[in-house]
Amino acid sequence: MSDCIFCKIVAGEIPSETVYEDDAVLAFLTIKPKADTHILVIPKQHIVNFADVQEHEWPLLQKVLQSVQHIARQEKLEGYRLITNNGELGGQEVFHMHWHILAGKNLPSF
Ligand code: AMP
Ligand code: ZN
């Protein structure tokens, strides 16, 4: 999508600090970290959010989640929190599906 900030990151039109990349998935550091480690994992293809995943897109979601596991091992995270916000009421600000990997000391408890 032309006005999507994460599509622009995928296209290389906006810089980001890449943590992991393959043919379908990109992971990069957030500009506003909420934890010692705060990585965003996105499909390169524009999908609005988890709630909007269509039947034919489940294989792509699997790739995204496999990448999360790969990145956590690559970054040697001993423990981490995985969050995906859905919709404005769910706290979503960027409407291109992304999974937050949060790790480090003092993660707030729910
Ligand atoms: P959410 O509130 O779940 O939609 O999260 C949006 C995330 O995107 C937040 O962690 C923002 O800091 C992050 N973000 C927004 N713009 C950029 C950018 N240009 N580069 C990296 N992260 C970004
Ligand atoms: Zn997008």
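Rules used throughout
- Residues numbered from 1 in each chain as written.
- Chains lettered and ligands numbered in written order.
- Predicted model: local features only at pLDDT ≥ 70, side-chain atom pairs only at ≥ 80, totals over all residues.
- Heavy atoms only, no water.
- Buried < 20%, exposed > 50% of the residue type's maximum accessible area, 1.4 Å probe, protein only.
- Helix = DSSP H or I, 4+ residues; strand = E, 2+ residues; numbered from the N terminus.
- Pairing = 2+ DSSP bridges.
- Donors = N, O, S within 2.8 Å, 3.2 Å for Na, K, Ca; no water.
- 1 Å grid on protein atoms, 1.4 Å probe; cavity = no way out; pocket = protein on both sides within 12 Å on 5 of 7 lines; lining within 4 Å.
- Points joined across faces, edges and corners; volume = space filled by probe spheres on them.

A. Focus on the pairing of strand β3 (residues 37-43). Most of β3 sits inside the fold, with six of its seven residues counted as buried. With five bridges joining them, strand β2 (residues 25-29) and β3 adopt antiparallel strand pairing. When the sheet's bridge partners are listed, L26 is paired in β3 with I42. Summarising the sheet, β3 and strand β5 (residues 99-103) pair through five bridges and their orientation is antiparallel. Paired with I39 across the strands is I101, a residue of β5.

B. The coordination of the zinc ion (ligand 2), seen in detail. Binding of the zinc ion (ligand 2) to the protein goes through C4 (SG), C7 (SG), H46 (ND1) and H96 (ND1), at separations of 2.1 to 2.3 Å. Taken in chain order, the donor set of the zinc ion (ligand 2) reads C-x2-C-x38-H-x49-H. Both residues of the pair, C4 and C7, belong to the buried class.

C. Representation of the layout of surface pockets in the model. In this structure, the largest pocket encloses a volume near 770 Å³. T30, K32, H38, L40 and H100 are, among the 28 residues lining the largest pocket, the residues nearest its centre. Elements that contribute at least two residues to the lining of the largest pocket include exactly α1 (5-10), β2, β3, β4 (81-83) and β5. Per-element tally for the lining of the largest pocket: the top contributor is α1, with three residues.

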